[in-house]
Amino acid sequence: MNHRSTQAPPMAHPLDLMPFFRRWPSSTRRNLLYTLIWNLGLATVLTAVEMHWSNYEQPVVKHWLPMLLITNLIGFLIHFGNLLANAVSGGWPRRARGLPRMVFSSSLVVVCVPLGLGIGNALLSGKSVFQFMANRDALVQTLVVAAAVALLMYLVSSSAERKVAQAMEKARQQELIASSARMLAEARLRALQAQIEPHFLYNTLANVVSLIGPQPAKAQHMLERFIDYLRASLAASRSEEATLGSEARLIAAYLDVLAVRMGERLRYRIEVPDRLRQFAIAPMLLQPVVENAISHGLEPKVEGGEIVVSAVELGEHLCVQISDTGVGLGSTMSAKPGGGVGLSNLRERLRSLYGGAARVELLENQPCGMMVRLMLPLNASPTSIHSEH
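Predicted, not measured: the structure shown is a model, and the values here were computed from it. (Residues numbered from 1 in each chain as written. Predicted model: local features only at pLDDT ≥ 70, side-chain atom pairs only at ≥ 80, totals over all residues. Heavy atoms only, no water.)

The next thing to look at is the nonpolar core. One finds Leu244, Ile307, Ile322 and Leu374 to be the most contacted residues of the largest nonpolar core, which totals 48 residues. Among the elements that take part in this core, helix α8 (residues 244-262) stands out by supplying 11 residues, more than any other. When residues no more than four places from it in sequence are discounted, the contact partners of Leu374 are Leu285, Leu286, Val289, Leu318, Cys319, Val320, Ile322, Leu346 and Arg359. Formed by 10 residues, the second largest nonpolar core is a distinct cluster that contains Ile74, Ala85, Phe104 and Cys112. (Core = buried A, V, L, I, M, F, W, Y, C linked by side-chain atoms within 4.5 Å. Buried < 20%, exposed > 50% of the residue type's maximum accessible area, 1.4 Å probe, protein only. Helix = DSSP H or I, 4+ residues; strand = E, 2+ residues; numbered from the N terminus. Contact = heavy atoms within 4.5 Å.)

Right under this line is the structure:
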């Protein structure tokens, strides 16, 4: 079911009609500044029109300054009239729509335009406001102009509010898409953990049981490192974001447990510089690659081999390499059921987390084995990339 928000958009400023001015959210200070800019622009346009249709030979400033005074008086009277009406009525003008909004806006403009003109002319001529208001012809002309201005202002404001409402709806849709993408990524992470943990758990416990009698010290070491792995894995499963250092510790605990079972057939090195250990990455991003290297590279090889996990900066990317000296991609010994599923899941996760900013490269390792390279953007975390998309 599609639940659409019934909350009304904020009362828009006429300048919100232009995309440039919608870049900043509505606020008291912003709207005051926008009113000043609006008054300045209106004074300039009206001065240009007046200069075009009149034969005045005075300097432009002689026309512009009086017009600026009057437009500011009218503009700020309307501005503060809106604020006062919202404060007194509990925000009714802000919530009103359709005919009630049009009646309110038109009435406010019809009152403020003559009042602003009267105050402005009084300041410029030295006469009182009442003298200006007493001139019936001038007052009628002013009211006609005010009615036209009220209609124009209502149309402009209504259009601006529609633009603001559309922008808010677009932002809500983008937030919903980003939230759905995060949920999908989390679901894939849970599915990935479900693939990794059961057989690893059973194999490890079976190995501990088999070692308790003949080699209790070895069994104790294996159980301790397995507890370290479970602790790190649990922390990763509860977090939306990890660091390269925490992932390195998780992999070290994982490989320590396997080293007890595989003995001299498994050697490993983790080479992550201290300056890169705080780099933010998605949790459980590297483990499936390491497990793939063990399952399809080292275990099929009688003499085993070495796994090296390293990280370096390459241009605008962090390059994380997981290399092994196993049987290699082309060997028939590596063709186990499920081969390639881990890397396929990894590519899908990277696509959902980073968009097109990250990639996986599969290379031949020298002198033997495979190398998997994860190219992650240095200047964006998985969370920030997600929110942008």
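When two helices pack together, their arrangement is given by the angle between the helix axes and the distance between those axes. Axis separation between helix α1 (residues 28-53) and helix α2 (residues 60-89) bottoms out at 8 Å; the angle between their running directions is 140°. Judged by the inter-axis angle, α1 sits oblique to α2. Considering the relative orientation of α1 and α2, their crossing is right-handed. Looking at the contact of α1 with α2 residue by residue, the class counts come to 13 nonpolar, 10 polar and 1 charged. (Axes fitted to C-alpha atoms, helices over the stretch in contact; angles between N-to-C directions. Parallel < 35°, antiparallel > 145°, perpendicular 65-115°, else oblique. Left-handed = near helix turned anticlockwise from the far one by under 90°. Nonpolar A, V, L, I, M, F, W, Y, C, P; charged D, E, K, R; others polar.)

Further remarks concern a nonpolar patch on the surface. A grouping of Leu201, Leu205, Leu223 and Ile227 is seen on the molecular surface, where their side chains present a nonpolar patch of about 290 Å² in accessible area. Counting residues per element, the ones that place at least two in the nonpolar patch are α6 (136-212) and α7 (216-237). Taking relative accessible area as the criterion, Leu205 reaches 38% and is therefore assigned partly exposed. (Patch = residues over 30% accessible without salt bridge, like charges linked within 9 Å, V, L, I, M, F, W, Y side chains within 5 Å. Areas by Shrake-Rupley, 256 points an atom, 1.4 Å probe, with all protein chains shown as cover. Salt bridge = Lys/Arg side-chain N within 4 Å of Asp/Glu carboxyl O.)

Now for the pattern of salt bridges. Counting across every chain of the model gives 10 salt bridges. Here Arg225 and Asp256 are joined by a salt bridge, their closest N and O atoms 2.7 Å apart. In this pair, Arg225 sits in helix α7 while Asp256 sits in helix α8, placing the two residues 31 residues apart along the sequence. Of the residues examined, Arg225 reaches a relative accessible area of 19% and is grouped as buried. The salt bridge partner of Glu271 is Arg269, with a shortest N-O separation of 2.3 Å.

Right, let's get into the pairing of strand β4 (residues 305-314). Here strand β2 (residues 266-271) pairs with β4 via 6 bridges, running parallel. Note that in β4 the partner of Arg269 across the bridge is Val308. With 8 bridges joining them, β4 and strand β5 (residues 317-324) adopt antiparallel strand pairing. Bridge pairing links Ser310 to Gln321 in β5. Between the antiparallel neighbours β4 and β5 lie 2 residues, among them Gly315 with a positive phi of about 65°. (Pairing = 2+ DSSP bridges.)

Time to look at the UniProt feature "transmembrane region" (unreviewed entry) in the protein. In the numbering adopted here, UniProt assigns the feature "transmembrane region" (unreviewed entry) to residues 32-53, 65-85, 106-126 and 138-156. Secondary structure across residues 32-53 divides into 100% helix and 0% strand, with the first and last C-alpha atoms of the span separated by 32 Å. Here residues 65-85 is 100% helix and 0% strand, with 30 Å between the C-alpha atoms at its ends. (UniProt positions renumbered as here; feature names shortened; annotations may be inferred.)

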